[in-house]
Amino acid sequence: MRGQVPGCTVHTPTTLIGALEILFAEKGAWRPLAGGTDLMVLFAAGVLPFSRFLNLWGLDELRGIETTSDSVSLGALTTYAEIRTHPLIAAELPNLVQSAWVTGAMAIQNRGTLAGNIANGSPAADTPPSLLAYGAEVQLQSLAGSRWVPYENFHTGYKQTVMLPEELITRIRVWRPKGDNFHFFRKVGTRKAQAISKVCLAAYARAEEGRVAEFRLGMGSVAPVPMRALTTEMLVQGQAIEELDGQFIAGAKLALMEDIRPIDDIRSTASYRRKVSANVLGQLLEEMVERFKRA
Amino acid sequence: MARLLDVIREDLELTGTKEGCGEGECGACSVILNGKLVNSCLVPAVQAEGAELRTIEGVASDEQLHSVQESFLHCGGAQCGICTPGMVMAAVDLLKRCPHPDEAQIRDGLAGNLCRCTGYGKIVDSVAQAAERAIQVAEESRS
Ligand SMILES: Cc1cc2nc3c(=O)[nH]c(=O)nc-3n(C[C@H](O)[C@H](O)[C@H](O)COP(=O)(O)OP(=O)(O)OC[C@H]3O[C@@H](n4cnc5c(N)ncnc54)[C@H](O)[C@@H]3O)c2cc1C
Ligand code: FES
Ligand code: FES
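Residues numbered from 1 in each chain as written. Chains lettered and ligands numbered in written order. Predicted model: local features only at pLDDT ≥ 70, side-chain atom pairs only at ≥ 80, totals over all residues. Heavy atoms only, no water.

## Points about helix α5 (residues 121-142) of chain B
Residues and elements named next belong to chain B.
- The end-to-end C-alpha distance of α5 is 32 Å, a good match for the 32 Å that 22 residues give at a rise of 1.5 Å each.
- Among the residues of α5, Ile-123, Val-124, Ser-126, Val-127, Gln-129, Ala-130 and Ala-131 are the ones counted as buried.
- Here the buried face of α5 lies against α2 (67-75), α3 (84-97) and α4 (103-109). (Helix = DSSP H or I, 4+ residues; strand = E, 2+ residues; numbered from the N terminus. Expected span 1.5 Å × (residues − 1). Buried < 20%, exposed > 50% of the residue type's maximum accessible area, 1.4 Å probe, protein only. Contact = heavy atoms within 4.5 Å.)

## Observations regarding the pattern of salt bridges
- Scanning the model with the defined rule gives 18 salt bridges over all chains in all.
- Here A:Arg147 ties to A:Glu167 by a salt bridge, and the two come within 2.8 Å at their closest N and O atoms. With A:Arg147 in strand β7 (residues 145-150) and A:Glu167 in the loop between β9 (160-161) and β10 (168-175), this pair connects stretches of sequence that are 20 residues apart.
- A relative accessible area of 6% places A:Glu167 in the buried class.
- A salt bridge links B:Arg3 to B:Asp6; its shortest N-O distance comes to 2.8 Å. Across the pair, exposure class does not vary: B:Arg3 and B:Asp6 are buried alike. (Salt bridge = Lys/Arg side-chain N within 4 Å of Asp/Glu carboxyl O.)

## Some remarks on the packing of α2(B) against α3(B)
Residues and elements named next belong to chain B.
- At a minimum axis distance of 9 Å, the contact between α2 and α3 shows a crossing angle of 130 degrees. Viewed along their axes, α2 and α3 adopt a mutual orientation that is oblique. Crossing angle aside, the handedness with which α2 passes α3 is right-handed. Packed against α2, whose contacting residues are Val-68, Gln-69 and Phe-72, the element α3 presents Thr-84, Met-87, Val-88, Ala-91, Val-92 and Leu-95 at the interface.
- In terms of residue class, the contact of α2 with α3 is made up of 7 nonpolar, 2 polar and no charged. (Axes fitted to C-alpha atoms, helices over the stretch in contact; angles between N-to-C directions. Parallel < 35°, antiparallel > 145°, perpendicular 65-115°, else oblique. Left-handed = near helix turned anticlockwise from the far one by under 90°. Nonpolar A, V, L, I, M, F, W, Y, C, P; charged D, E, K, R; others polar.)

## Some points on the domain arrangement of chain A
Residue and element names in this part refer to chain A.
- Splitting chain A by domain gives domain 1 (5-55), domain 2 (61-175) and domain 3 (180-294).
- On a C-alpha basis, the centroid separation for the pair domain 2 and domain 3 is 21 Å.
- Listed by partner, the interface residues are 25 residues for domain 2 and 25 residues for domain 3.
- Both sides of the domain 2 and domain 3 interface together cover about 1900 Å² of buried area, and 62% of this is carbon and sulfur.
- At the junction of domain 2 with domain 3, the criterion picks out 2 salt bridges.
- In this structure, Glu-152 and Arg-228 form a salt bridge, with 2.6 Å as the shortest nitrogen-oxygen distance.
- At the level of elements, α5 (94-101), α8 (128-133) and β8 (155-157) are the ones that each hand at least two residues to the side of domain 2 that touches domain 3.
- Top element by residues in the side of domain 2 that touches domain 3 is α8. It accounts for 5 residues.
- Looking at the side of domain 2 that touches domain 3 residue by residue, the classes come out as 13 nonpolar, 9 polar and 3 charged. (Domains from an automatic or database assignment. Buried area = accessible area lost by both parts, 1.4 Å probe.)

## Concerning the environment of A:Thr15
Residue and element names in this part refer to chain A.
- Here Thr-15 shows up in the loop between β1 (9-11) and α1 (16-25).
- Classification of Thr-15 by relative accessible area gives partly exposed; the value is 37%.
- Along the primary structure Thr-15 and Asp-38 are separated by 23 residues, whereas in three dimensions their C-alpha atoms are 23 Å apart.
- Ignoring sequence-local partners within four residues, the contact set of Thr-15 consists of Leu-59 and Glu-61.

Printed below as a string of structure tokens:
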């Protein structure tokens with residue numbers, strides 16, 4: 001029994017307030033436990049530096065996908081399987097569905113949660129690019145109150161976030177796209193299922209009067225944190241669709257190679273990641289132009 | 001923190017569920033928890049309290065094999081057998097969600113289950129045959 005480690009405590013609060021009280025009373029002593037698909041791997045390997053777990057799985061307050069006319073709000077414990085099968089998300093925020101599809105396989109998708117994916121802080125996670133492309137916000141709550149943080153400000157460094165030890169992620173909010181919009185998602189890995197990304201890229205664009213009125217590009221596995229490619233975004237945003245020709249796209253690809261900060265690691269090399277990112281951007285822009293010209 | 005897998009194998013002594021990797025990669029430990037396919041090596045046992053659990057031991061009813069088990073036998077979907085309980089659980093889950101899967105859907109449904117023996121071809125055939133049989137049985141019972 002590899003999982004049996006003496007001295008480990010699991011506490012199961014029955015309400016969100018109960019959970020927040022424990023986190024507040026003993027700051028930093030308790031580790032939130034959601035679906036366990038990240039934590040249990042480390043736990044079984046005996047490499048987790050903590051032994052007290054706050055079991056969130058039963059907290060219904062952290063579940064459910066709520067929609068208003070403007071936004072979609074996903075409870076922290078929303079699983080990939082729930083995202084995959086939500087009709088409104090599929091229709092309006094397809095990049096999120098794509099992120100869920102490419103994460104692990106079915107058994108992981110039934111347990112892994114959205115909040116767990118972002119709190120874990122891996123730069124190679126697959127929902128962050130989509131959340132960045134959609135300008136998502138994260139709700140953090142403690143006994144002292146709650147705050148909404150733009151997701152693009154959530155990660156402060158490799159595996160570091162703005163979240164305080166007494167805070168929990170309670171919801172993730174995404175605004176519903178309006179107007180004439182385009183969505184693109186691509187994960188590049190060694191195989192289709194269960195592979196960690198070498199590069200992951202998601203984009204959202206909106207066209208207005210023949211111009212790119214909005215363009216956001218979220219990227220994974222190309223920097224110590226999931227990141228927006230801001231220089232590339234600025235280049236594309238405001239451009240007339242007619243002017244997005246081969247020469248422009250070649251320039252945008254060069255800009256992206258400068259925007260990102262990939263490294264060599266066991267999964268890939270920095271130069272491969274630069275090249276693939278640029279090529280995927282090229283494909284994205286071509287598809288975007290075609291899509292907006294059709295409208 | 002005991003894992004659901006430990007409780008199943010050690011406490012309940014239901015050793016049909018296997019441990020391969022112990023880290024969510026291979027699917028040998030697949031079970032159906034509250035109607036959902038999970039890797040029992042990654043589920044903390046406390047999170048299964050009060051839940052409905054179906055392991056490979058609960059797939060056949062009395063002496064009657066499940067149609068998925070029948071077709072694994074018929075098509076040669078099992079060789080050494082270590083992956084088979086997990087494969088069968090994943091297939092049972094897939095056919096419940098998606099009774100008429102095409103090959104891509106079968107491969108997606110089994111994507112979290114690794115097999116080192118069969119090369120997957122006969123496993124995919126087994127699941128396709130189980131789906132066909134289920135349709136036949138439904139049609140026969142209607143006519
Ligand atoms: C075989 C396998 C394949 C995988 N494939 C992928 C993949 O393709 N892409 C990918 O991105 N990931 C993948 N993962 C990683 C993992 O499944 C995801 O990161 C998952 O979303 C984690 O969610 P969880 O609920 O299981 O997190 P847990 O393991 O429960 O927790 C992860 C971290 O988040 C913290 N946390 C959880 N919920 C909260 C909250 N509400 N507030 C504050 N902190 C919280 C925990 O304290 C912990 O630090 C894979 C994992 C496995 C085992
Ligand atoms: S033993 Fe659980 S997935 Fe391999
Ligand atoms: S039959 Fe041997 S691993 Fe699948």
